[in-house]
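Residue-level structural notes
Each chain is listed here by its residues.
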Amino acid sequence: DSGVTQTPKHLITATGQRVTLRCSPRSGDLSVYWYQQSLDQGLQFLIHYYNGEERAKGNILERFSAQQFPDLHSELNLSSLELGDSALYFCASSVAASSGGELFFGEGSRLTVL
Amino acid sequence: AQSVTQLGSHVSVSEGALVLLRCNYSSSVPPYLFWYVQYPNQGLQLLLKYTTGATLVKGINGFEAEFKKSETSFHLTKPSAHMSDAAEYFCAVSERTGGRRALTFGSGTRLQVQP
């Protein structure tokens, strides 16, 4: 158990819809990272928040947005969903703003868009 | 810009045989290097990491990796495979740019262990 909690574990929805994925980092961790894992794209970095502020953006689509709240949990919002958005979405956390790469991952939220 | 190449998307070994998973990286500055493992239906967990110092690093579950700067490699090895090692393994590189470190993952290698 990494200490990172993601909900929901599974989500099935239709094209055009909007979903919200939630992540609670490990106790004491200030950084939250979001990754997308799909068969064709592999593990792609989406976005990084540190103590409520956006620190880095990766390959995140404009239809996607994220935020980190004062209690440090984070939400990833995916809108106008397309079939290609079906993937496993991981949240990871670390103590520092720049972890050097040692991240603690949740078990992921599997999104299926029909 | 940094990148990671994992040679072989699938590797199959017999139980008790040597495990060798290959990773090559490109980085314009001294990198930090990592191996993560993903068991079925789970998130990634850190196996081992290299930051500075000794180039042979030992991780959990009997795995180790050696940083070879001249070959830009960070191959993962285990002397004797166990059935429980079946998983997907990701090599990752972290490079400091603009005061921040960005982590880039390879495409992963799925390890099968045959009885």
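For the structure itself, look to the data block above.
Residues numbered from 1 in each chain as written. Chains lettered and ligands numbered in written order. Predicted model: local features only at pLDDT ≥ 70, side-chain atom pairs only at ≥ 80, totals over all residues. Heavy atoms only, no water.

A closer look at the overall build of chain B
When its secondary structure is counted, chain B shows zero helices and eleven strands. Element order for chain B, N to C, with α for helix and β for strand: β-β-β-β-β-β-β-β-β-β-β. A compact globule built from 115 residues should have a C-alpha radius of gyration of about 13 Å, and chain B, at 14 Å, falls within 12% of that. Each of the 115 residues in chain B was classed as buried or not, and the buried ones make up 43%. Within chain B, counting contacts between residues at least 6 apart in sequence, those at least 24 apart form 56% of the total. Within the structure as shown, chain B displays about 5,600 Å² of accessible surface, and the carbon and sulfur contribution to it stands at 51%. Each charge class in chain B can be summarised by its mean position, and for the 10 positive and 7 negative side chains these summaries are 9 Å apart. (Helix = DSSP H or I, 4+ residues; strand = E, 2+ residues; numbered from the N terminus. Rg over C-alpha atoms; globule rule 2.2 N^0.38 Å. Buried < 20%, exposed > 50% of the residue type's maximum accessible area, 1.4 Å probe, protein only. Contact = heavy atoms within 4.5 Å. Areas by Shrake-Rupley, 256 points an atom, 1.4 Å probe, with all protein chains shown as cover. Lys, Arg positive; Asp, Glu negative; His and termini not counted. Charge placed at Lys NZ, Arg CZ, Asp CG, Glu CD.)

Focus on the environment of B:T109
Residues and elements named next belong to chain B. Of note, T109 is situated in strand β11 (residues 109-114). Taking C-alpha positions, T109 is 9.6 Å from V37, a pair spaced 72 residues apart along the chain. Ignoring any residue separated from it by four or fewer positions in sequence, one finds T109 in contact with Q6, L7, G8, S9, H10, V11, L21, A87, E88 and Y89. Of the polar contacts made by the side chain of T109, one reaches the backbone oxygen of G8; its length is 2.8 Å. (Polar contact = N/O pair within 3.5 Å; in protein donor to acceptor, adjacent residues only side chain to side chain.)

Quick notes on the sheet that holds strand β8 (residues 74-78) of chain A
Residue and element names in this part refer to chain A. On the basis of which strands lie adjacent, the open sheet formed by four strands has the order β1-β3-β8-β7 and antiparallel pairing. The sheet is open, and its two borders are formed by β1 (5-7) and β7 (64-68), each paired with just one other strand. Each strand axis lies, on average, 15° off the axis of its neighbour in the sheet, ignoring direction. Two strands pair when backbone bridges link them, and β1 and strand β3 (residues 19-24) are joined in this way by three bridges, in the antiparallel orientation. The partner of T7 across the bridge, within β3, is R22. (Pairing = 2+ DSSP bridges. Axes fitted to C-alpha atoms, helices over the stretch in contact; angles between N-to-C directions.)

With respect to the nonpolar core
Residues B:W35, B:L48, B:F74, B:L76 and B:Y89 are the most contacted members of the largest nonpolar core, which totals 27 residues. At the level of secondary structure, the elements contributing two or more residues to this core comprise β2 (10-14), β3 (19-26), β4 (32-38), β5 (44-50), β7 (64-68), β8 (73-78), β9 (87-97) and β11 of chain B. Every residue in contact with B:L76, bar those within four places of it in the chain, is listed here: B:V19, B:L20, B:L21, B:W35, B:L47, B:L48, B:F63, B:E64, B:A65 and B:Y89. Counting residues in each nonpolar core, the second largest holds 20 residues, with A:V19, A:L21, A:I47 and A:C91 among its members. (Core = buried A, V, L, I, M, F, W, Y, C linked by side-chain atoms within 4.5 Å.)

Things to note about the state of the cysteines
Residue and element names in this part refer to chain A. This model, assessed by the stated rule, comprises two disulfides over all chains. Note on cysteine connectivity: C23 is disulfide-linked to C91, with sulfurs 1.8 Å apart. Measuring handedness by torsion sign, the sulfur bridge of C23 and C91 sits at about -50° and is left-handed. In this pair, C23 is assigned in strand β3 and C91 in strand β9 (residues 87-94), connecting sequence segments 68 residues apart. (Disulfide = S-S within 2.5 Å.)

A word on the packing of aromatic side chains
The full count for this structure, using the stated rule, is 13 aromatic pairs over all chains. With a centroid separation of 5.7 Å and an interplanar angle of 80°, the aromatic rings of A:F105 and B:Y36 are classed as edge-to-face. Residue A:F105 is found in strand β10 (residues 104-105), and its partner B:Y36 is found in strand β4; the two belong to separate chains. Arranged with centres 5.5 Å apart and planes meeting at 45°, the rings of B:F63 and B:Y89 form a pair that is tilted. With B:F63 in the loop between β6 (56-58) and β7 and B:Y89 in strand β9, this pair connects stretches of sequence that are 26 residues apart. (Phe/Tyr/Trp six-rings, centres within 6.5 Å; stacked < 30°, edge-to-face > 60°.)

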